[in-house]
Amino acid sequence: MKNTLIGSLFLILASSIWGGMYVVVKILVAVIPPLELVWMRYLIAFIALVIIGIVTKQNWKIKKQHFGLIIAIAIIGYVISIVTQETGTMLSSAQMGAIITSTTPAFMVLFASVILKESLTFKKAISVSLATIGVITIVGIDNIDMSSTLGGISLIIAALTWALMSVLIKRLPSEYSQIVVTTYATLIAVVVLTPFVITKLPQIEMNELAKPTIWGGLIYLGVISTSTAFLLWNRGLQMLNASSGGVFFFFQPVFGTLLGWLILGETISITFWIGSILIIFGVLIVINDSKEEQNHSLSPQPTEKC
């Protein structure tokens, strides 16, 4: 039960951090193209993770048979998913981004069933459905500009690949430090992206990068949204079923809307509170279901008579 609660807290914190990220990305992509932005974000995150790893005296050894899995996690989740997410954010509205991104938990349930052989329970289906309805209630579907087709396709790819990456993380041994795993995956992402961005970096206006809003946003993306949030997300998934953990992804639009209200003075309608309540109910169902699964696994099993 303790693992369920701590894992839930980690996933809520990670999703909340990402909820505040969309405004930052929207500002930065006006100056830095998505691919170059992702590369800078990971470079900063890698430096931060190495410092954290050295200070905490991590064991950096990984067994050879697991390197392929870490490379897959890095390319699928850290490269393809994040690049398509930021491209989709640039080409579409925040409303469309929130709704399409909310399909991620459903994909996680599907991948967890196929790859990890996790059972699709009625409670999991209800929790994902409630949370999805909650997101749609919050952001609405009336004023979505469906003309930005490329942005929508990019966001769907981002949702699919992030879900697949989140499930693949569960295949790594739980004894590996998430600091070490995240550091290696971030380094791989930097190496993979470097050939695509190295010739384009001189085209970025250095005067723009010197602005506090821009470099402050880069530090936020690298240190908070990447190194810190990825660590929390990966560790939280290790403590819960992959199919259950996906529901916590829905805290992104909730926290993003709250930030807009607190910082930007945006108004919050009654639909926000209705949607938030539905999301919270969905999360509580998952927490309760995870507790029951853990209790069942810990309870003594009847022995067969000879």
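Details of the structure are given in the entry above.
Conventions adopted
Residues numbered from 1 in each chain as written. Predicted model: local features only at pLDDT ≥ 70, side-chain atom pairs only at ≥ 80, totals over all residues. Heavy atoms only, no water. Patch = residues over 30% accessible without salt bridge, like charges linked within 9 Å, V, L, I, M, F, W, Y side chains within 5 Å. Areas by Shrake-Rupley, 256 points an atom, 1.4 Å probe, with all protein chains shown as cover. Salt bridge = Lys/Arg side-chain N within 4 Å of Asp/Glu carboxyl O. Helix = DSSP H or I, 4+ residues; strand = E, 2+ residues; numbered from the N terminus. Buried < 20%, exposed > 50% of the residue type's maximum accessible area, 1.4 Å probe, protein only. Contact = heavy atoms within 4.5 Å. Expected span 1.5 Å × (residues − 1). Core = buried A, V, L, I, M, F, W, Y, C linked by side-chain atoms within 4.5 Å. 1 Å grid on protein atoms, 1.4 Å probe; cavity = no way out; pocket = protein on both sides within 12 Å on 5 of 7 lines; lining within 4 Å. Points joined across faces, edges and corners; volume = space filled by probe spheres on them. Axes fitted to C-alpha atoms, helices over the stretch in contact; angles between N-to-C directions. Left-handed = near helix turned anticlockwise from the far one by under 90°. Nonpolar A, V, L, I, M, F, W, Y, C, P; charged D, E, K, R; others polar.

Draft legend 1. Spatial organisation of a nonpolar patch on the surface. Nonpolar side chains collect at one region of the surface, where Ile-71, Ile-75, Ile-80, Ile-153 and Ile-157 lie side by side and expose about 360 Å² of accessible area between them. Those elements giving two or more residues to the nonpolar patch turn out to be helix 4 (64–91) and helix 8 (149–169). In terms of residue count, the dominant contributor to the nonpolar patch is helix 4 (three residues). Its place among the elements puts Ile-153 in helix 8. For Ile-153, a relative accessible area of 44% corresponds to the partly exposed category.

Draft legend 2. Layout of the side chain of Thr-161. On the secondary structure map, Thr-161 appears in helix 8. Taking the relative accessible area as the measure of exposure, Thr-161 reaches 12% and is therefore buried. Once residues within four sequence positions are removed from consideration, Thr-161 is found in contact with Ile-76, Gly-77, Ile-80 and Ser-81.

Draft legend 3. Local environment of helix 3 (residues 34–55). The end-to-end C-alpha distance of helix 3, which contains 22 residues, comes to 32 Å, matching closely the 32 Å that a straight helix rising 1.5 Å per residue would cover. For helix 3, the complete set of buried residues consists of Pro-34, Glu-36, Leu-37, Val-38, Trp-39, Met-40, Arg-41, Tyr-42, Ala-45, Ala-48, Leu-49 and Gly-53. Looking at the residues trailing helix 3, positive phi occurs at Lys-57, about 55°.

Draft legend 4. Region of the structure containing the nonpolar core. Core analysis: the largest hydrophobic core is formed by 59 residues, its most contacted members being Trp-18, Tyr-42 and Trp-233. For this core, the element with the highest residue contribution is helix 4, accounting for nine residues. Core analysis: the second largest hydrophobic core is formed by six residues, Val-128, Val-247, Phe-250 and Ile-279 among them.

Draft legend 5. How the structure looks around the environment of Asn-3. Relative to the elements of secondary structure, Asn-3 occurs in helix 1 (residues 2–19). Using a relative accessible area of 42% as the deciding quantity, one classes Asn-3 as partly exposed. Residues Asn-3 and Gln-238, 235 residues apart in the sequence, show an inter-C-alpha distance of 9.5 Å.

Draft legend 6. Layout of empty space enclosed by the protein. Following the criterion strictly, the structure yields one cavity of 30 Å³ or more and no others. Empty space within the largest cavity amounts to approximately 140 Å³. What lines the largest cavity is a set of 15 residues, among which Ile-82, Gln-85, Trp-162, Phe-249 and Gln-252 lie closest to the centre. Broken down by element, the residue count for the lining of the largest cavity peaks at four residues, all from helix 8.

Draft legend 7. Local environment of the packing of helix 3 against helix 11 (residues 212–239). Remark: helix 3 packs on helix 11, axes separated minimally by 8 Å, with the N-to-C direction vectors making an angle of 60°. Along this stretch, helix 3 crosses helix 11, giving a crossing that reads as right-handed. Counted together, Leu-37, Met-40, Arg-41, Tyr-42, Ile-44, Ala-45, Ala-48 and Leu-49 of helix 3 and Leu-218, Ile-219, Leu-221, Gly-222, Val-223, Ser-225, Thr-226, Ser-227, Phe-230 and Leu-231 of helix 11 form the full contact between these two elements. When grouped by side-chain class, the residues that make up the contact of helix 3 with helix 11 number 13 nonpolar, four polar and one charged.

Draft legend 8. Examining helix 6 (residues 104–115) more closely. The end-to-end C-alpha distance of helix 6 is 16 Å, a good match for the 16 Å that twelve residues give at a rise of 1.5 Å each. Along helix 6, the residues classified as buried are Thr-104, Pro-105, Met-108, Val-109, Phe-111 and Ala-112. Just downstream of helix 6 lies Lys-117, where phi reads positive at about 60°.

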